[in-house]
Amino acid sequence: MITLLYRVYQFVIGLPILVIVTIVTAFEVGIGTTFGNGHFWGYYPGRWWAKIILKLFLIPVEVEGSENLEDGQSYVFVANHQGAFDIFLIYGYLGRNFKWMMKKQLESIPFVGYACKKSHQIFVDKRGPSKIRKTYEDAREILKEGYSVTVFPEGARSFTGHMAHFRKGAFALADELQLPVVPLTINGSFDILPRMKGFNFINWHPMKLTIHKAIYPISQGPDNVETTMRQAYDSVMSSLEEKYQGFIENPDQ
């Protein structure tokens, strides 16, 4: 009965309000970044949007490890990618002004794509070497300005809730600029909205964001990239719920 009521609530109330809030936020970002401080308007409306959506769907959130972040320090954040609600959890509750590194395809999502372009989020364009170089040039500029970037190094949402391989791009970027990498573990997102084709109702489930200690570079070059990537992977895995422990290959990678 509770599940049925929750589904009726999200269909009649939750989803319509989500659409309205998303449209309003997109225009707010567009106007704010055009006439005001781009770094403020490119982050805070999105943060409020994410928090509103999680509260709208009655999702309780726990954050652990915020004390591991230093004020004024740029980071490369890397997280597991359990599902679509990962975005709301990190955007709403990480508590740092950052830019996303995201798939180029997300640029075509109505209103969301517009807001991401206006707020200068970083689209990962893999259509040839020159496009890839441009992606990392954009990321370098953001990091050099003192901001952070957030990456899902698996590159795709999980089909099972488990973790697949990490790709090297984010770690190579951190190595080049000699910046610390902060692993993030997301729990609960897969239980809320598992990846599948077609429409699926949202399931009520708590979410938790674990912010691990920063991994600082100990050298520079391929060995440092590999070491940092391995340490980050192990850190993220260490805080996953037991039922999602262990590697499972993602065919979408």
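Residues numbered from 1 in each chain as written. Predicted model: local features only at pLDDT ≥ 70, side-chain atom pairs only at ≥ 80, totals over all residues. Heavy atoms only, no water.

Colleague: Can you help me understand the overall build of the protein chain in this one?
Modeller: When helices and strands are tallied, the protein chain shows 9 helices and 7 strands. The C-alpha atoms of the protein chain give a radius of gyration of 18 Å, which matches the 18 Å a tight globule of 253 residues would have. Considered along the principal axes of its C-alpha atoms, the protein chain spans approximately 55 × 50 × 40 Å. Taking as baseline every contact in the protein chain between residues at least 6 positions apart, the subset at least 24 positions apart corresponds to 75%. Surface accessibility of the protein chain: about 12500 Å² in total, with carbon and sulfur atoms responsible for 60%. On the protein chain, the mean spot of the 26 positive side-chain charges and the mean spot of the 24 negative ones are 7 Å from each other. (Helix = DSSP H or I, 4+ residues; strand = E, 2+ residues; numbered from the N terminus. Rg over C-alpha atoms; globule rule 2.2 N^0.38 Å. Contact = heavy atoms within 4.5 Å. Areas by Shrake-Rupley, 256 points an atom, 1.4 Å probe, with all protein chains shown as cover. Lys, Arg positive; Asp, Glu negative; His and termini not counted. Charge placed at Lys NZ, Arg CZ, Asp CG, Glu CD.)

Colleague: What is the right way to look at the nonpolar core in this model?
Modeller: I90, L94 and L184 are the most contacted members of the largest nonpolar core, which totals 37 residues. Of all the secondary-structure elements, those providing two or more residues to this core are α1 (2-35), α3 (44-56), β2 (76-79), α4 (85-93), β3 (98-103), β6 (181-187) and β7 (207-211). Discounting chain neighbours no more than four positions away, the residues touching I90 are A79, F98, W100, T150, F152, L184, I186 and L209. Listed in part, the 25 residues of the second largest apolar core include V76, L143, F171 and I215. (Core = buried A, V, L, I, M, F, W, Y, C linked by side-chain atoms within 4.5 Å. Buried < 20%, exposed > 50% of the residue type's maximum accessible area, 1.4 Å probe, protein only.)

Colleague: What is the right way to read the packing of aromatic side chains from this model?
Modeller: Two descriptors summarise a pair of aromatic rings, namely the distance from one centre to the other and the angle between the planes of the rings. A complete count under the given rule lists 19 aromatic pairs for this structure. Ring geometry for Y43 versus Y44: centroids 4.7 Å apart, planes at 70°, classification edge-to-face. On the basis of relative accessible area, Y43 is assigned to the buried category, the value being 1%. Taken together, a centroid distance of 6.0 Å and an interplanar angle of 20° make the contact between F166 and F171 stacked. Feature note: the residues F40, W41, Y43, Y44, W48, Y91, F98, W100 and F152 constitute an aromatic cluster, connected by ring pairs. (Phe/Tyr/Trp six-rings, centres within 6.5 Å; stacked < 30°, edge-to-face > 60°.)

Colleague: Quick question: what am I supposed to make of the sheet that holds β2 here?
Modeller: Sheet strands line up and pair through hydrogen bonds in the backbone, either parallel or antiparallel. The mixed open sheet is built from 7 strands, whose spatial order is β1-β7-β6-β2-β5-β3-β4. Each end of this open sheet is capped by a strand with a single partner; those strands are β1 (61-64) and β4 (122-124). Neighbour-to-neighbour, the strand axes of this sheet turn through a mean angle of 20°, independent of strand direction. The pairing of β1 with β7 spans 4 bridges and is parallel. Bridge pairing in β7 links V61 to M207. (Pairing = 2+ DSSP bridges. Axes fitted to C-alpha atoms, helices over the stretch in contact; angles between N-to-C directions.)

Colleague: Whenever I open this one, the pattern of salt bridges confuses me. Can you help?
Modeller: Once their charged atoms are close, side chains differing in charge can pair, the charge on each being opposite to the other. In total, this model carries 5 salt bridges according to the counting rule given. Put simply, K243 and D191 hold a salt bridge, and the shortest N to O gap is 3.0 Å. With a gap of 52 residues between them, K243 in the segment after α9 (222-238) and D191 in helix α8 (residues 189-192) connect regions that are remote in the sequence. Judged by its relative accessible area of 46%, K243 falls in the partly exposed class. Put simply, E62, E64 and K208 are held in one network by salt bridges that share partners. (Salt bridge = Lys/Arg side-chain N within 4 Å of Asp/Glu carboxyl O.)

Colleague: Even after reading the chapter, I still don't get the packing of α3 against α4, so can you show me in this structure?
Modeller: For any two helices packed against each other, one specifies the inter-axial angle together with the distance between the axes. Between α3 and α4, the least distance of the axes is 8 Å, while the angle of their chain directions is 120°. It follows from the interaxial angle that α3 and α4 lie oblique. The chirality of how α3 crosses α4 is left-handed. Of α4, the residues touching α3 (which contributes G46, R47, W49, A50, K51, I53, L54 and K55) are F85, F88, L89, Y91, G92 and Y93. When its residues are assigned to classes, the contact of α3 with α4 shows 9 nonpolar, 2 polar and 3 charged. (Parallel < 35°, antiparallel > 145°, perpendicular 65-115°, else oblique. Left-handed = near helix turned anticlockwise from the far one by under 90°. Nonpolar A, V, L, I, M, F, W, Y, C, P; charged D, E, K, R; others polar.)

Colleague: What is the right way to read the side chain of R195 from this model?
Modeller: Looking at the secondary structure, you find R195 in the loop between α8 and β7. Separated by 2.8 Å, the side chain of R195 and the backbone oxygen of R157 make a polar contact. With sequence-adjacent residues up to four places away left out, R195 is seen in contact with A156, R157, S158, F159, F190, N250 and D252. (Polar contact = N/O pair within 3.5 Å; in protein donor to acceptor, adjacent residues only side chain to side chain.)

Colleague: Could you clarify how one ought to interpret the environment of I87 in this entry?
Modeller: With respect to the helices and strands, the residue I87 is situated in helix α4. Exposure remark for I87: the relative accessible area of 25% places this residue in the partly exposed category. Along the primary structure I87 and S189 are separated by 102 residues, whereas in three dimensions their C-alpha atoms are 9.5 Å apart. Look past the residues within four positions of I87 in its chain and what remains in contact with it is G92, W100 and F152.

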